[in-house]
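# Summary of structural features
What follows is each chain in one-letter form.
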Amino acid sequence: MTEHISPRVDIACKKIFGVEANKDLLISLVNSIVKEEDSIIEATLLNPYNPKNFKRDKLSIVDIKAKGETGKRYNIEIQISDEADYDKRALHYWAKMYTEQLETADDYSNLSKAIGIHILNFTSILQSKKYHNVFRITEEDSGERFFKDLELHTIELKKFTNDSRADLNDILAKVKGSIDMWVTFLTRNDLLDRNNLPTKLDDPALKKALSVLEVMNFNPEERSAYEDHLKYLRMQTSAIKKHGNDRFEEGREEGRQMMAKKTVLSMLHDGVSLEKASEYTGLSVEELEHLKKL
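First, a word on scope: everything that follows refers to the structure included in this document. Since the model is a prediction, treat every value here as computed from it, not as a measurement.

With that out of the way, let us pick up the packing of aromatic side chains. Summed over the entire model, instances satisfying the criterion amount to seven aromatic pairs. Ring geometry for Phe-17 against Phe-185: centres 6.5 Å apart, planes inclined by 85°, an arrangement best described as edge-to-face. Here Phe-17 is found in helix H1 (residues 10–17), whereas its partner Phe-185 is found in helix H7 (residues 178–188), with 168 residues between them in sequence. Looking at Phe-17, the relative accessible area reads 2%, which means it is buried. Accessibility expressed as a relative area gives 0% for Phe-185, which makes it buried. Considering the side-chain rings of Trp-182 and Phe-185, the 5.7 Å spacing of their centres and the 85° angle between planes classify their relative orientation as edge-to-face. With Trp-182 and Phe-185 both in helix H7, this residue pair falls three residues apart, about one helical turn. When sorted by exposure, Trp-182 lands in the same class as Phe-185, which is buried. Within the aromatic cluster, the residues linked to one another by ring pairs are Phe-17, Trp-182 and Phe-185.

Moving on to the packing of H7 against helix H8 (residues 204–215). Two numbers describe how H7 lies on H8: the axes approach to 11 Å, and their chain directions differ by 15°. On the basis of the axis angle, H7 is roughly parallel to H8. As for how H7 packs across H8, the hand of that crossing is right-handed. Contacts between H7 and H8 involve Met-181, Trp-182 and Phe-185 on the former and, on the latter, Ala-205, Leu-206, Ala-209, Leu-210 and Leu-213.

Together, Glu-139, Glu-140, Asp-141 and Glu-144 make up a negatively charged patch on the protein surface. Structurally, Glu-140 can be placed in the loop between strand E5 (132–135) and strand E6 (150–156). Taking relative accessible area as the criterion, Glu-140 reaches 74% and is therefore assigned exposed.

As a further point, take the nonpolar core. Ranked by internal contacts, the top residues of the largest apolar core, which has 55 residues, are Phe-17, Ile-76, Ile-117, Ile-119, Ile-155, Trp-182 and Phe-185. The next biggest cluster of nonpolar side chains, apart from the first, holds seven residues, and it includes Met-97, Tyr-98, Leu-150 and Leu-152.

Once that is clear, we can look at the packing of helix H2 (residues 23–33) against H8. Interaxial distance between H2 and H8 falls to 10 Å at its minimum, and their mutual angle equals 130°. Here H2 is positioned oblique relative to H8, judged by the angle of their axes. Helix-helix and strand crossings are classified by hand; for H2 and H8 the assignment is left-handed. Mapping the contact onto sequence places Asp-24, Leu-25 and Ser-28 in H2 and Ala-205, Lys-208, Ala-209 and Val-212 in H8.

The terminal C-alpha atoms of helix H4 (residues 86–99), which comprises 14 residues, lie 20 Å apart, in line with the 20 Å expected from a rise of 1.5 Å per residue. Burial in H4 covers these residues: Tyr-86, Arg-89, Ala-90, Tyr-93, Trp-94, Met-97 and Tyr-98.

Calculation rules
- Residues numbered from 1 in each chain as written.
- Predicted model: local features only at pLDDT ≥ 70, side-chain atom pairs only at ≥ 80, totals over all residues.
- Heavy atoms only, no water.
- Phe/Tyr/Trp six-rings, centres within 6.5 Å; stacked < 30°, edge-to-face > 60°.
- Helix = DSSP H or I, 4+ residues; strand = E, 2+ residues; numbered from the N terminus.
- Buried < 20%, exposed > 50% of the residue type's maximum accessible area, 1.4 Å probe, protein only.
- Axes fitted to C-alpha atoms, helices over the stretch in contact; angles between N-to-C directions.
- Parallel < 35°, antiparallel > 145°, perpendicular 65-115°, else oblique.
- Left-handed = near helix turned anticlockwise from the far one by under 90°.
- Contact = heavy atoms within 4.5 Å.
- Patch = residues over 30% accessible without salt bridge, like charges linked within 9 Å, V, L, I, M, F, W, Y side chains within 5 Å.
- Areas by Shrake-Rupley, 256 points an atom, 1.4 Å probe, with all protein chains shown as cover.
- Salt bridge = Lys/Arg side-chain N within 4 Å of Asp/Glu carboxyl O.
- Lys, Arg positive; Asp, Glu negative; His and termini not counted.
- Charge placed at Lys NZ, Arg CZ, Asp CG, Glu CD.
- Core = buried A, V, L, I, M, F, W, Y, C linked by side-chain atoms within 4.5 Å.
- Expected span 1.5 Å × (residues − 1).

Have a look at this one:
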């Protein structure tokens, strides 16, 4: 049976949406999420996929940065794992994207709106049943939006579907618009045949994305990274299903250490210092020293 590559795994996702040849897919994804006034016709990739650098990307997070034709910035991130303090990290990523626009002696008037799009493979916002939530700054009493440059979107995939037994008809019942189409692709692409798509999903961009998945090739290093990250994803799912949240925490830590060790060893082999490896992975030097000994 042909392997179904998961577009939720960071390396596969970035090869789909983070390369010049597939910019139209990124544009379609962004436009399905943002409001019409923030939609884009053309995009400039600010950090296109580079297989040589991928092993140093932060674990379990894919980060695609783009600029629209009007100067607005977009940061699309898919996060596999539910790490601590997601809300604070989301704001940090947005602030970094916003301030990176300014160079020395630039005027603040040159700053354009920055939109963070976070696609999460876990549930984070327990207060909301919606899988797509939009956050902006508003005045507490009047609801006025004075600071209009900040906007964050969260898309929690498990709220859309978390049932591996669901068939295509179950999924189609949830599809109302283009954002649902892309979330279907990210969660249940295994149910889709690009040559026989139902009317609700019969879209050229989706057909191309499915084609890209079908012919996607990994070099040995990419294959190793994909399999490690897929194992991590499955480990989390299995831990929750079999043992609940307590065992999930153990499984998440086990997966995190497994991936971190592989990344650290690659960095050290390339002559990267422990201090710099700590910056890349978010682990302390002491934790990295421990991983070297495992």
